[in-house]
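Structural features, examined
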Amino acid sequence: MSGSFVVCDVQEEYIERLFKILSERMSEYQFHLFHDPDRMKEFIEKSGAEILLIGDEYREKIRDSPGIRRIFLLTENKDFSPENGDISIFRYQPAGQIISEIRGKIRDGPQAGKVCRESKSRNSSGSIRERIKTRGMIGIYSPVHRIGKTRFAMNLGQKLSEKAPVLYLNLEGYSGGGYYLPEKTDQDLGDLIYCMKQERQDYGLKISSMTGQSGGMDYMMPMKNETDLRAVRGEEWIHLFDRILEKCIYEVLILDLGDCIDGLYDILRNCTRIYTPYITESAAMAKLAQYEDNLRTAGYGDVLMRTVKKQMQRKRCTGERTEAG
C-alpha cells in the first residue's frame, strides 16, 4: 500500500460515486470515505493520511492537522486558486480527468500546489486559451447533404482537443452511429437529456460514464431514434449545452447539426461560431442561397456574421467529400 487516501464531501451521492471509481482505479491506496468532517478529522489525527480529497468548505476543519502529504480541494469554481500548497480539483468533470490530475500532482513533488495554481492561471486567462480562437458552442450545419459534414466536424473537434477539452455531439436524425464513432458506450444522448431533467448535481461525473473518446476528444453516442430526437424542444437543447459548459470540464462543444432538430436557428444563434460546408455544384449553391435567405427573413441574419463557409471537394476514387484547400 502507498498509504491512506481519505475522501470527504457534503454531496453524498456524488462523492460515493467518485469514491467507487477512485478506489477501483487507484488500488495502490487504502481508501477511507467520510461524510462527517469531524469524524474525518478524528481519523486523520489518529492515523494520518497521505492524500486528502475534500470539499473546499471543509478546509478549515483540518487546517492544523499534521501528517497530510497532499490536500486536494473539490471546488465548483474552475478558477479557484487555494492557498498553502493545496490543489484545486474542479468538481464537475469526468472522473478519469480527476484521477489524471491527482496522479499528476502526486508525481510533481512538494511544489505540486504551486504548479497547479500556475497551470490553472494559464488555462483561465493566459497563453493556452489565447491560442484557442473559438470556445463554447461550435455549430456545424449545412443545407447540403452528403458532403462530408460529419467527418469535418470530427476532424475539427479532434484538432481543438489538442488545446482544450472538447465534447462532440451528433444531433442528426440518422447519424450512422458506430460508422464514425469507434467506441460504443451503453448510454447515449437521450440518457444525458434524462439526466438533465433530473437536475442532478454530479453532472460531470455522470457524463464521464457515458462518453467515449476519439482522437483526443470525448463524444456521446447519438440518439438512435429520429422521433425521439425531434421530440426534444429547442430550449431543452440550449439548456443542456449551457449546463455542460457550466458544470463540466469541457470548454468546447462541437454540435453536428441536422435538419430535424427543433429550434435549429436558435441553437445556431447561441453558437460562438458556425461552420457551413458546401460544394460548388449548381443545386448545392441554390440550397445554400435559400438557407441564407431564410435566416435573414426569419430575423436570424446575425448567424451569418459568425458563419465560416468551408468548400468541400470530392475524392476521385471513393466519392467522399473533403475540405478544399
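Below, the discussion takes up the overall build of the protein. When its secondary structure is counted, the protein shows 13 helices and 13 strands. Burial statistics for the protein: of 325 residues in total, 53% are counted as buried. Put simply, 69% of the contacts in the protein that link residues at least 6 apart link residues at least 24 apart.

When pLDDT is averaged along the protein, the result is 80; 81% of the residues meet or exceed 70. Within the protein, the lowest mean pLDDT, 30, falls on helix H4 (residues 112-125), and the highest, 96, falls on helix H11 (residues 264-269). For residues 316-320, every residue scores under 50 in pLDDT, and the model assigns this stretch 5 contacts once sequence neighbours within four places are set aside.

What follows deals with the packing of aromatic side chains. Two descriptors summarise a pair of aromatic rings, namely the distance from one centre to the other and the angle between the planes of the rings. The tally for this structure, following the rule as stated, stands at 10 aromatic pairs. Ring centres 5.7 Å apart and planes at 80 degrees place the aromatic pair Phe5 and Tyr29 in the edge-to-face group. In this pair, Phe5 is assigned in strand S1 (residues 4-8) and Tyr29 in the loop between helix H1 (12-25) and strand S2 (30-34), connecting sequence segments 24 residues apart. For Phe5, a relative accessible area of 0% puts it in the buried group. On the basis of relative accessibility, which here comes to 8%, the residue Tyr29 falls in the buried class.

So, about the sheet that holds S2. If you walk across this open sheet you meet the 5 strands as S2-S1-S3-S4-S5, and the pairing is parallel. Looking along the sheet, the strands with just one partner apiece sit at the ends: S2 and strand S5 (87-90). Across this sheet, the average inter-strand angle for adjacent strands is 20 degrees, counted without regard to direction. Sheet topology places strand S3 (residues 49-55) next to strand S4 (residues 68-75); 6 bridges connect them, and they run parallel. Along S4, the bridge assignment pairs Leu52 with Ile71.

What follows concerns the packing of helix H7 (residues 189-197) against helix H10 (residues 234-247). Close contact between H7 and H10 brings their axes to 11 Å; oriented N to C, the two are set at 85 degrees. The angle between H7 and H10 places the two elements in the roughly perpendicular class. Side by side, H7 and H10 meet where Leu189, Leu192, Ile193, Met196 and Lys197 of the first sit next to Glu236, Trp237, His239, Leu240 and Ile244 of the second. Across the contact of H7 with H10, the residue classes tally to 7 nonpolar, 1 polar and 2 charged.

With respect to burial, strand S7 (residues 166-171) is a largely interior element, 6 of its 6 residues being buried. Burial along S7 is two-sided: the face carrying Val166, Tyr168 and Asn170 and the face carrying Leu167, Leu169 and Leu171 are both buried. The sheet contact formed by S7 and strand S10 (residues 252-257) spans 6 bridges and is parallel. Bridge pairing in S10 places Tyr168 opposite Ile254.

About the thresholds
- Residues numbered from 1 in each chain as written.
- Predicted model: local features only at pLDDT ≥ 70, side-chain atom pairs only at ≥ 80, totals over all residues.
- Heavy atoms only, no water.
- Helix = DSSP H or I, 4+ residues; strand = E, 2+ residues; numbered from the N terminus.
- Buried < 20%, exposed > 50% of the residue type's maximum accessible area, 1.4 Å probe, protein only.
- Contact = heavy atoms within 4.5 Å.
- pLDDT = per-residue confidence, 0-100.
- Phe/Tyr/Trp six-rings, centres within 6.5 Å; stacked < 30°, edge-to-face > 60°.
- Pairing = 2+ DSSP bridges.
- Axes fitted to C-alpha atoms, helices over the stretch in contact; angles between N-to-C directions.
- Parallel < 35°, antiparallel > 145°, perpendicular 65-115°, else oblique.
- Nonpolar A, V, L, I, M, F, W, Y, C, P; charged D, E, K, R; others polar.

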